[in-house]
Amino acid sequence: MNANHPVVARFRERFAADVLSVEEFRGQTVISVKAPRAVEMLKSLRDDAECPFDMLTDLTAADYLRLDAPERFAVVYQLLSMLRNERLRVKAYVSEARPEIGSVSSLWGNANWLEREVWDLYGIRFLGHPDPRRILMPDDYEGHPLRKDYPLKGRGERSHFPKYTAEEAP
Amino acid sequence: MTTTAAGKGTLGTRTMRMNIGPQHPATHGTLHLEVEVDGEIVTNCRPHIGYLHTGFEKLAEYRSYNQFIPLSDRLNYLSSLNNNIGFALAVEELLGIEITPRCRVLRVLLAELGRIGDHVISVGLQAMDLGAFSIMLWTFVEREKLYDIFETVSGGRLTTSWTRIGGLSRDITDDFVPLVRKFVEYFPGVLDEIEKMLNRNRIFTKRTIGVGRMSKEEAVSHGVTGPLLRASGVAYDVRRARPYLGYDKYDFEIPTHPDGDVWARYRVRMAEMRQSIRIIEQALENIPAGPVTALDTKFALPDKFSVYNDMEALIHHFKLIMHGHGFQPVPGEIYSCTESPNGELGWFIVSDGTRNPYRLRCRPPSFINYTAFPKMVEGAMISDMVAVMASMNVIAGELDR
Amino acid sequence: MGLEKLLGDGILATRVSALVNWARQNALWPMPFGTACCAIEMMATLSSRFDLSRFGAEVIRFSPRQADLMIVSGRISIKMMPVLLKIWEQMPEPKWCISMGACASSGGVFDTYTLIQGVDQFIPVDVYIPGCPPRPENLIDGIRKIQEIVSKERLWDAKHGN
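Note that this is a predicted model, so its numbers are computed, not measured. (Residues numbered from 1 in each chain as written. Chains lettered and ligands numbered in written order. Predicted model: local features only at pLDDT ≥ 70, side-chain atom pairs only at ≥ 80, totals over all residues. Heavy atoms only, no water.)

Trainee: Can you break down the overall build of chain A residue by residue, with the values?
Mentor: Looking only at helices and strands, chain A has three helices and seven strands in total. Counting from the amino terminus, helix and strand elements in chain A follow one another as α-β-β-α-β-β-β-β-α-β. Expressed along its principal axes, the backbone C-alpha trace of chain A runs to roughly 70 × 30 × 30 Å. Within the span of chain A, comprising 170 residues, buried residues form 58% of the whole. (Helix = DSSP H or I, 4+ residues; strand = E, 2+ residues; numbered from the N terminus. Buried < 20%, exposed > 50% of the residue type's maximum accessible area, 1.4 Å probe, protein only.)

Trainee: Please provide a residue-by-residue account of the interface of chain A and chain C, values included.
Mentor: Across the contact, 25 residues belong to chain A and 22 residues belong to chain C. Surface buried jointly by chain A and chain C totals about 1900 Å² across both partners, of which 64% is contributed by carbon and sulfur atoms. Per-residue buried area on chain A facing chain C is highest for A:R158, A:F161 and A:Y164; these three make up 39% of the total on that side. On inspection of chain A and its partner chain C, the count reaches two salt bridges. Residue A:R158 pairs with C:D111 through a salt bridge whose shortest N-O separation is 2.8 Å. On the surface where chain A and chain C come into contact, there are six residue pairs in polar contact (both at pLDDT 80 or more). (Contact = heavy atoms within 4.5 Å. Buried area = accessible area lost by both parts, 1.4 Å probe. Salt bridge = Lys/Arg side-chain N within 4 Å of Asp/Glu carboxyl O. Polar contact = N/O pair within 3.5 Å; in protein donor to acceptor, adjacent residues only side chain to side chain.)

Trainee: Which residues make up the sheet that holds strand β3 (residues 55-63) of chain A, and what values go with them?
Mentor: Residues and elements named next belong to chain A. The mixed open sheet is built from five strands, whose spatial order is β1-β2-β5-β4-β3. Edge positions in the open sheet fall to β1 (19-25) and β3, since each of these has one partner strand only. Strand after strand, the sheet turns through a mean of 20 degrees between neighbouring axes, direction not considered. Where helix α3 (residues 111-122) meets the sheet, its contacts fall on β3 and β4 (73-81), and the angle it forms with β3 comes to roughly 5 degrees. (Pairing = 2+ DSSP bridges. Axes fitted to C-alpha atoms, helices over the stretch in contact; angles between N-to-C directions.)

Trainee: Tell me what's going on with the pairing of strand β8 (residues 343-351) of chain B, and back it up with residues and numbers.
Mentor: Residues and elements named next belong to chain B. The buried fraction of β8 amounts to nine of the nine residues, a majority that puts the element mostly inside the structure. Between the antiparallel neighbours strand β7 (residues 332-340) and β8 lie two residues. Inspection of the sheet shows β8 paired to strand β9 (residues 359-363) by five bridges, in the antiparallel sense. When the sheet's bridge partners are listed, W347 is paired in β9 with C362.

Trainee: So what's going on with the environment of B:V190? Residues and values would help.
Mentor: Along the polypeptide, B:V190 turns up in helix α6 (residues 176-198). Along the chain, B:V190 and B:P302 lie 112 residues apart, while their C-alpha atoms are 40 Å from each other.

Set out below in C-alpha cells:
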C-alpha cells in the first residue's frame, strides 16, 4: 500500500491533529500517531467502508531509547484488509513517563494476548484491558526484559532455585 | 470451587478447576491449561504460556543478521527451513537486494518440502492423540526420508540453518534431484494410505467432525492464518496474496473447507501436501543454472572454496565476518511475511543502520492461532480439547519465543 | 560356579545386585521432559527408523511416578524450572537423568535472561549428550551409557534410599 492511498488520505483528514507523520519505506506505509486517540483511530480503520482492516496481523512494541523518535516507546499495529489485500502499519508513540495506551481487545480477538505480551516485555499498560496479567514471564517476575536498559543476561533470576544432589535424596 | 445452580430435575453439580500440563502427553511440549469443568464439559479454559520463553527477540538485538539464522531454526523446530527462508527474505527486503534465479527455485523446493514435513507430522500427531498410534509411526518414516533430503543440502536433520542473507549456505549436491524425484513419486501413495486409515475410521471421524468449530468471522477477528484459516473457509494464503520467490508463476490451488472443525483442518492439511507436491514437480522441471548466492550485492558470503582460492573473495569474507565490520542496512523499518506451515510468519525489523537489528519481532503464527483456542473448546468435552489442541499444531518454541 | 551342578538344570546362581541391575538396565522407563527441538529428535529415536525398544527403553511414561530415567530434552526457562524440580522430586528412587542437547546441558546458544544455563546446577545429571540437537544415534549412545552406570550400581548406595 502506498502513502497516497485514499484510506490514508481519509485517515489524515479525520485525525489531522494527532497524526505525527506518514512515511513510506520499501513500499510499506507507516502512520505514526499520538497515543491518546489510538483506539478511536484503529476502530475507524477497522470499520472503513471501502478498505476495512479486519485483521490485526500483529501487535507489538519497540523501545526507541537510543534512536531519534518522538517518544521512547511505540506500540506497533500491523493491519491487513482481507477484502482489498492491503497492509498498513500504525505506530502509536507512548511516553516513558506515562507508558499507557487504550486497549483494542474489544476490536480484535487476538489483541488480548498480544497486549498482555507487550505489557509483560515492555511494561506498557493497556487501559481497559480485561485481563492485564503477564503472559510469558512468571507472575512474580520483576522488570520488563525487552526494554533496552534491561540486561540481556537478566538480573540473576536464572540461579534462584533449590538444588538437588545425588547424595541427599529428597 | 463454585456451585452452579441446578436446574429443576437435574442433579446439582459443582464445577471443578483442573490443571492440564505443563508436563502432559497431550500438550506437545510445554503448554499449560487451567480448565474449569462441569463434569466432562469445559466451561472455561485459561491457557498459560511462556514455559519455553527463550528471549529470541532480545538475543537478536545482540546478533548480526546472519547470526540470527541458526536461531531461526530453533524457533519452530518442525519447519526450520521455512523459518530460515522467511527470515532471509525479510532481511533481503530490508536491504533491497535481489537473489539469483537458482536460489529462488531452490528455496521454493525446500520450503515446500519443509511444509510437507510439518504437515505430515502434524497429521500423524493428530491421529496419535486420538488413539491411532500407527499413523504417527508411519508419518515419522516419511519425515525421516525428508531428513535425508535436508541432510544432503544443509548437513543437518532438524536445525538446518540453510539460508544466508542474499543466498544459500551451499548449493545442492548431485544426489538431491533424484532423491526429491523419488520422494515426489511415491509420497502421494503414502497420503492415500493415511487417508485410507483415517477417512472412514469411525473413532477418528466421530472425534473430529463438528469438534472445535471456528467460524470465518471468529478466525479473521483472531488473526488466525494458515491451514486453520483455510479450514474455516477463507482462501487466504500469503503465497498468493503477497507473492514471494516467484510463487505467482507456479500453478497450485489453495484448498479450503467450509466447516472449520478439526476434521476440516485435517482435510486441508492433506490437500495442501498434495499441492506442495505439485509445486515441487514444477520446480524440479525448471532449476536454473548459475550461482546460488548473489555475490555482486556485497551482502552475501562467498563460498568457502573461493575464500581459500581467491583474494577478492577472502577480503569480502573478512569484511562481512570480522568484528566491527559486516553489512549495514539503511535505517528503516520493515514488515515482511511468508506462508509458513502454521500460517503467516512475519518479521518486523527495525534497523538503526548498524550490523545488528535494533528491534526484531517475529510474528509467530502459533501464538496468534492459539489465541482462538479458549473460544474453540468452551462447551466441549475434555477429550475434545485434546483433539482441538492437536489440530492446531501449536509449536511451543514459536508460541513462547 | 559349581552351585548349578548341585541344583540341576534351570537354576542359575548369581549375585542379587547383578540380577537386579541386569533387570533394571534393560527395562528403563524414561520420563520424557521434552520441551523443544530435542524432543522432536527424541520422538525420532522412539519411532521406526531408530527404534529405542531395541535397547529396552521404549516404555515412555508421562507420569513421573512410573519412571526411573528422566530425559531433559530442550531449553528450560525460569518458568519451567520449578516444574522440572517438582517432577524430579516425584520420581521414585533409584532414578537417573540424561541432559540431552546443548540447551539442557549449558543453555546452548541462548545466554538470555530467561534460560537456565544448564540443569545440572539444580539436579544431578548422570549423562550429558552433546549436540544441537543430538542425532538419535547420540541419544541411543547416551542411554547405553546410562545402562552401563546402572549395571555398576550397588544396592546399598544412597541412591536407593537406604
